[in-house]
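Chain by chain, the residues run as shown.
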Amino acid sequence: MEHEVFVPVPVERLREALADPARVARALPGLQQDAGTAPVSGRLKVRIGGHSITYRGTLGVSPRDDGSYAVEADAAEARGTGTVKLALTLAVLPAEGGSTLTFTGTASADGRIADLPADEVASATTRLLNRFAEHLAPEPEPEPETEEASVEPGPEPGPELIEEPHSSHVPFAEGDFVGGFEDDGTLPPGAPAEAAHARRTMIGRSAEEVDHAPPRGRYAPVPAPESAGGSAVLRWAAPAAALALASAIVVGRALRKRH
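This one's a predicted model, so the numbers in the text were calculated from it and none came from an experiment.

Undergrad: Before we move on, can you summarise the side chain of histidine 3 with the specific residues and values?
TA: Positionally, histidine 3 belongs in strand β1 (residues 2-7). Here the side chain of histidine 3 touches asparagine 130 through a polar contact of 2.7 Å, side chain to side chain. In this structure histidine 3 touches Leu101, Thr102, Phe103, Thr126, Leu129 and Asn130, once residues within four positions along its chain are discounted.

Undergrad: A description of the nonpolar core should follow, citing residues and the corresponding values.
TA: One finds Leu14, Leu90, Val92, Leu101, Phe103 and Leu136 to be the most contacted residues of the largest nonpolar core, which totals 25 residues. Listing elements by their share of this core, those giving two or more residues are β1, α1 (11-18), α2 (21-27), β5 (69-77), β6 (83-95), β7 (98-109) and α3 (118-136). Excluding anything up to four places from it in sequence, leucine 101 contacts His3, Glu4, Val5, Val7, Leu14, Leu90, Ala91, Val92, Ala133 and Leu136. In this structure, Val46, Ala75, Val121 and Ala124 belong to the second largest nonpolar core, which totals 10 residues.

Undergrad: Describe in detail the pairing of strand β4 (residues 51-63), supporting the description with residues and values.
TA: Each regular strand carries side chains that alternate between the two faces of the sheet. Pairing of strand β3 (residues 41-48) with β4, which is carried by eight bridges, proceeds in the antiparallel orientation. Among the inter-strand pairings, glycine 42 is bridged to a residue of β4, identified as glycine 57. Hairpin connection between β3 and β4: a loop of two residues separates the two successive antiparallel strands, and glycine 49 in this loop has a positive phi of roughly 60°. Where β4 folds back onto β5 in an antiparallel hairpin, the turn is made up of five residues, including glycine 67, whose phi is positive at roughly 95°.

Conventions and cut-offs
Residues numbered from 1 in each chain as written. Predicted model: local features only at pLDDT ≥ 70, side-chain atom pairs only at ≥ 80, totals over all residues. Heavy atoms only, no water. Helix = DSSP H or I, 4+ residues; strand = E, 2+ residues; numbered from the N terminus. Polar contact = N/O pair within 3.5 Å; in protein donor to acceptor, adjacent residues only side chain to side chain. Contact = heavy atoms within 4.5 Å. Core = buried A, V, L, I, M, F, W, Y, C linked by side-chain atoms within 4.5 Å. Buried < 20%, exposed > 50% of the residue type's maximum accessible area, 1.4 Å probe, protein only. Pairing = 2+ DSSP bridges.

What follows is the structure, given as C-alpha cells:
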C-alpha cells in the first residue's frame, strides 16, 4: 500500500511529534489507552462501512538512518479471534507551505475484517492515516489580540453654578423701612383684633425686643392644663373640715348641759 498526506506544518515540528510517544498516542483518533501500559497501546475502534470493530494492541514509531520512520502495529479483536499486523515506512518531506507524509508498506489481517469488501477496508485505512497526520502536529491556535480598552474622556467639569435665592416678584418701594418701625396705625381691611393689638405693642420697641417678645393672640402658646389632683383634694377637704367643726360644737354643748 502507498498513501500520501499533505499537512501545513513544518518538517521540524512533525519530527518532534514523532519522537514523542505521548503525542503519537494523542494523534490516533479514538485510542483509549489502558492504564499501566506503554504510551501507544490500548483499544481502538475502527469503522468500516456499516461495521465497527474494536482492536486491542500496540503501535511503535522508530526513526531510521535515512530520515524515515518505521511504523509497526500489532492488534487483535477485542471480541473475536481476528488479528491485524501493520509494517509501514513513513517519510517526512518538505513541501510548499508545509510537509508531505508518505506511507508505504504492507498490512495483513484476518477475522471479521477479512470478510468485508476490500474497497471499504482501503477507504477506512486511508481515513485513519489522514486523521493521524492531521492530529500529529496541529497548528497552534492564534493568541487572541488584546485590544487596549479605549477610555473615552468624559466631559470636562464646567464652572460650578451657584444658585442664587429667588427674589420677590414685588420690588420694595423707595419709602420702605424709612423711619425704623414707625407705624401710622392703619391695618389692611379684614385684619383680626389680635393682629391690631400685636401691632400696637410692637410700636416703639426695638427689633431685638420684637424678635424675643412672646407671641400673643391666636399665636400665643396654650398654657399647660393644671393638675386635677390638687383641686380634687381641696374639694374633699373643705366639707370634711366643716363637718369636724360642727361635731365639735355639738359635743361641747352637750357636755355643758350635763354640768
